[in-house]
Amino acid sequence: MFVFIGNLGLPGCDTVCVNLSAKEILDLAEEIIHKSTRVHDAVALVSLDKLSYENVVLPLAELEARQLSLIQCCVFPKMLSPHDNVRKASTEAEQKIDAHILSCRKREDVYRIIKIYAAKGESISPEAKCYLQCLVRDFEDNGLNLTAIKREEVERLKYEIDELSLRYIQNLNEDSSCLFFTEDELAGLPLEFLQNLEKTQNKEFKLTLESRHVAAILELCKIAKTRKTVAMAYGKRCGDTNIPVLQRLVQSRHRLARVCGYAHFADYALDRRMSKTSMRRKEEGEIPFGVEDLLYYIKRVEELQFDLDFGDIRQYFPVNLVLSGIFKICQDLFGIKFEEVTEVDVWYHDIRAFAVFDSGSGKLLGYFYLDMFTREGKCNHSCVVALQNNALFSNGACQIPVALLIAQFAKDGSGEAVPLGFSDVVNLFHEFGHVVQHICNRASFARFSGLRVDPDFREIPSQLLENWQVLRKFHVEVNIRLSSGLFDQIIYSDDDADLLQLIRSLHPKVMIGLPVVEGTNPASCFPRAVIGSEATCYSRLWSEVYAADIFASKFGDGHPNLYAGLQFRDKVRSVLAPGGGKEPMELLTNFLGREPSTQAFIASRTNYSL
């Protein structure tokens, strides 16, 4: 086993090292591959008359549990390390490890052993049986249950899909479009936003088409012409290059689905999700009104309704105060407490680490890191990364979960944290819900631990936690997700959908009558439909439905209810503790005492008054 020399790690958690050098990352990647190969070789050589859970399934399960944290030690630095050579080594290590994992899932000798063992029907725990099914699926997703000819076709199509997906994303990443505005044309934008923009010699501000810049313009800029210019430029990105790529990609995915025995790609993608089959819908309608003005006027209506200025309230949300508030809510709601860990290695000086304990017993539940502020070399998105998953081993040892929350908050010129805008507070609440979900999971198998649950189910804890924000968001985001979800479902359900005409048809009906911005085709800049959420973009909306039902049923008065929170976290009918080892619908039904309902979600939207 690889040994971390001089590692000042988290107490009792010596398999997570966050500060490896470039050489250590590459050496660790080789060790991971070597160990994995040995275990797969051993499973492949098990005699057919001696197949058992202990020599077929258990070695693969424990390999996966032990190696996840080591893999993450190699992979996450590419997103966060301040050192270019470390980021390059991390990217190289990830490519090698991914290639190895794929090659393992194409091994016919290992698949044969697993398939024969599964057919024996040996009595094992429900969670172990679920893991065995996942192992079989890993191989069959790569065509090992198909004929040689079909398997070759699957490999060819997957390679083509990967190439097209990468090309679509690269086109967006390489897009360097920018706009220039005078200070008057950016009226309404806060001073700290303008100070962070590059300024030309003729005193114009350079605005890139990064989503954070675009969102600020559409929400805060008082000049309608500026909002329209930005919305049009944003919606036109990569129009000439990405539309043909997406069309080819959709057709390739349909062909892959048919080779695997499905009518179309949506059914292929949804077969293992909470929503088992695709839904086709036709939407139409058109009212001539500028969609680029929607976010701006929603913001103004909210300011009037709540008698506040969203720019002014920033002063009330310093980062540390918001964190303290989130910690207090989680303590009161889930019976957990947080203690900062100071004597620990980090990859940058402002990274913080925390231990999480059960408030009643004092038992250590897990750890998390906070990487909160933007800096050179850091990725530009917010998310939660699982550095280590909970797992139980055959020798009785328990591996505790470790999470990493990545945010993109700003510092001023003196290096002090800039107070958070309201949308920043919303996002932090949401992401911290994923931290709680990861830490409170108690699945025996790393495969089912933390965030490795059905994607339709993954957002529920975060959506539930958002109910304790100071304000409730206007629900235009729901309409946007509904529009994108319908578009995504239809293109992956129909063979010959006209992408532009489909968007023109869907958008006005879903977006309260507003047509798509003139001259744009959002299909050219919709990465979720290309990689990561293809045919499943509705997931977050489903999570909102379930979270609304849980909140209304168990926390209806809006106050943190420790009894209900503990039931949600760690009791017999828990939602968080079992993770992916149980069917999501079973977890929700057991917790609610009935099947989930859409009524609370619908009521929360229709009762919203201005």
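Residues numbered from 1 in each chain as written. Predicted model: local features only at pLDDT ≥ 70, side-chain atom pairs only at ≥ 80, totals over all residues. Heavy atoms only, no water.

Database annotation for the chain, UniProt heading Sequence similarities (unreviewed entry): "Belongs to the peptidase M3 family." As its UniProt record puts it under Subcellular location (unreviewed entry), the chain is described as follows: "Cytoplasm". (UniProt positions renumbered as here; feature names shortened; annotations may be inferred.)

(A) Focus on the packing of helix 1 (residues 22-44) against helix 2 (residues 53-75). One way to put it is that helix 1 packs onto helix 2 with a least axis distance of 10 Å and a crossing angle of 175°. Accordingly, the angle class assigned to the pair helix 1 and helix 2 is roughly antiparallel. Across the interface between the two elements, I25, L28, A29, I32, K35, S36, V39, H40 and V43 from helix 1 touch N55, V56, P59, L60, L63, Q67, L70, I71, C73 and C74 from helix 2. For the contact of helix 1 with helix 2, the residue count by class is 14 nonpolar, four polar and one charged. (Axes fitted to C-alpha atoms, helices over the stretch in contact; angles between N-to-C directions. Helix = DSSP H or I, 4+ residues; strand = E, 2+ residues; numbered from the N terminus. Parallel < 35°, antiparallel > 145°, perpendicular 65-115°, else oblique. Contact = heavy atoms within 4.5 Å. Nonpolar A, V, L, I, M, F, W, Y, C, P; charged D, E, K, R; others polar.)

(B) Spotlight on the sheet that holds strand 6 (residues 364-373). One open sheet holds the five strands; their spatial order is 4-5-6-10-7, and the pairing between them is mixed. For this open sheet the edge positions go to strand 4 (336-341) and strand 7 (383-388), each flanked by a neighbour on one side alone. Each adjacent strand pair in this sheet contributes to an overall mean axis angle of 25°, direction not counted. For strand 7 and strand 10 (residues 402-409), the ladder comprises five bridges, and the chain directions are antiparallel. Opposite V384, over in strand 10, you have L405 as the bridge partner. (Pairing = 2+ DSSP bridges.)

(C) Expanded view of the nonpolar core. Counting 61 residues, the largest nonpolar core has C330, F368, M372, L405, L428, F432 and I550 as its most contacted members. Among the elements that make up this core, the one with the highest residue count is helix 15 (residues 422-440) (ten residues). Leave out the neighbours within four places in its chain, and M372 touches V319, L323, K378, L405, A407, Q408, F409 and L428. With 37 residues, the next largest nonpolar core counts I243, L249, V259 and C537 among its residues. (Core = buried A, V, L, I, M, F, W, Y, C linked by side-chain atoms within 4.5 Å. Buried < 20%, exposed > 50% of the residue type's maximum accessible area, 1.4 Å probe, protein only.)

(D) Region of the structure containing the packing of aromatic side chains. Throughout the structure, instances matching the rule amount to 20 aromatic pairs. With a centroid separation of 5.1 Å and 55° between ring planes, the pair formed by F265 and Y492 is classed as tilted. Pair noted here: F265 is in helix 12 (residues 265-270) and Y492 is in the loop between helix 18 (476-491) and helix 19 (499-510), with a separation of 227 residues, a long-range link. What makes F265 buried here is its relative accessible area of 5%. (Phe/Tyr/Trp six-rings, centres within 6.5 Å; stacked < 30°, edge-to-face > 60°.)

(E) Seen up close, helix 5 (residues 108-120). In this model, helix 5 (13 residues) spans 19 Å end to end at C-alpha, consistent with the 18 Å of a helix rising 1.5 Å per residue. Every buried residue of helix 5 is listed here: V110, Y111, I113, I114 and Y117. Down the axis of helix 5, the buried set is contained in an arc of 160°. They therefore lie on one face. The secondary structure elements touched by the buried residues of helix 5 are helix 1, helix 2 and helix 6 (126-140). (Expected span 1.5 Å × (residues − 1). Arc of directions from axis to C-beta.)

(F) Focus on the sheet that holds strand 1 (residues 178-181). Across the sheet, three strands lie side by side as 1-3-2; this open sheet has antiparallel pairing. The open sheet has two edge strands, strand 1 and strand 2 (198-199), and neither has a second partner. Both strand 2 and strand 3 (residues 205-208) contribute to a ladder of two bridges, which runs antiparallel. Pairing of E198 across the sheet is with K206, part of strand 3. With respect to the sheet, helix 10 (residues 224-235) is in contact with strand 1 and strand 3, its orientation differing from that of strand 1 by roughly 170°.

(G) Fine view of the side chain of D549. Among the secondary structure elements, D549 is positioned in helix 20 (residues 539-554). Note on D549: relative accessible area 3%, which makes it buried. Setting aside residues up to four positions removed in sequence, D549 forms contacts with L592, R594, P596, S597 and A600.

(H) Seen up close, the pairing of strand 1. Here strand 1 shows a clear split, with L179 and F181 buried on one side and none of C178 and F180 buried on the other. Sheet topology note: the strand 1/strand 3 ladder contains four bridges and is antiparallel. By the bridge assignment, F180 is partnered in strand 3 with K206.

(I) Region of interest: the pattern of salt bridges. For the structure on display, the rule yields 28 salt bridges. With its nearest N and O atoms 2.7 Å apart, the salt bridge here joins R447 to E64. With a gap of 383 residues between them, R447 in the loop between helix 15 and helix 16 (455-458) and E64 in helix 2 connect regions that are remote in the sequence. With respect to burial, R447 and E64 carry one shared label: buried. (Salt bridge = Lys/Arg side-chain N within 4 Å of Asp/Glu carboxyl O.)

(J) Spatial organisation of the pairing of strand 5 (residues 352-358). Strand 5 sits mainly inside the fold: six of its seven residues count as buried. In the sheet, strand 4 pairs with strand 5 via six bridges, with the strands oriented antiparallel. Residue pairing in the sheet places F338 in a bridge with V356 of strand 5. Sheet analysis places strand 5 next to strand 6, joined by six bridges and oriented antiparallel. From the neighbouring strand, R352 faces strand 6, where its bridge partner is L370. In this structure, the hairpin formed by strand 5 and strand 6 is closed by a connection of five residues, where G362 is found at a positive phi of approximately 80°.

(K) Local environment of the side chain of H100. The residue H100 is located in helix 4 (residues 84-104) in this model. Only 2.7 Å separates the side chain of H100 from the side chain of S36, close enough to count as a polar contact. (Polar contact = N/O pair within 3.5 Å; in protein donor to acceptor, adjacent residues only side chain to side chain.)

(L) Structural detail: unusual backbone geometry. Positive phi, close to 70°, is recorded for K203, a residue that is not glycine. Here K203 lies in the loop between strand 2 and strand 3. Positive phi outside glycine occurs at C238, with the angle close to 60°. Position of C238 relative to the elements: it lies in the loop between helix 10 and helix 11 (239-259).

(M) The arrangement of the environment of R167 in detail. Along the polypeptide, R167 turns up in helix 7 (residues 148-173). Sequence separation between R167 and L246 is 79 residues, and the spatial gap between their C-alpha atoms is 9.7 Å.

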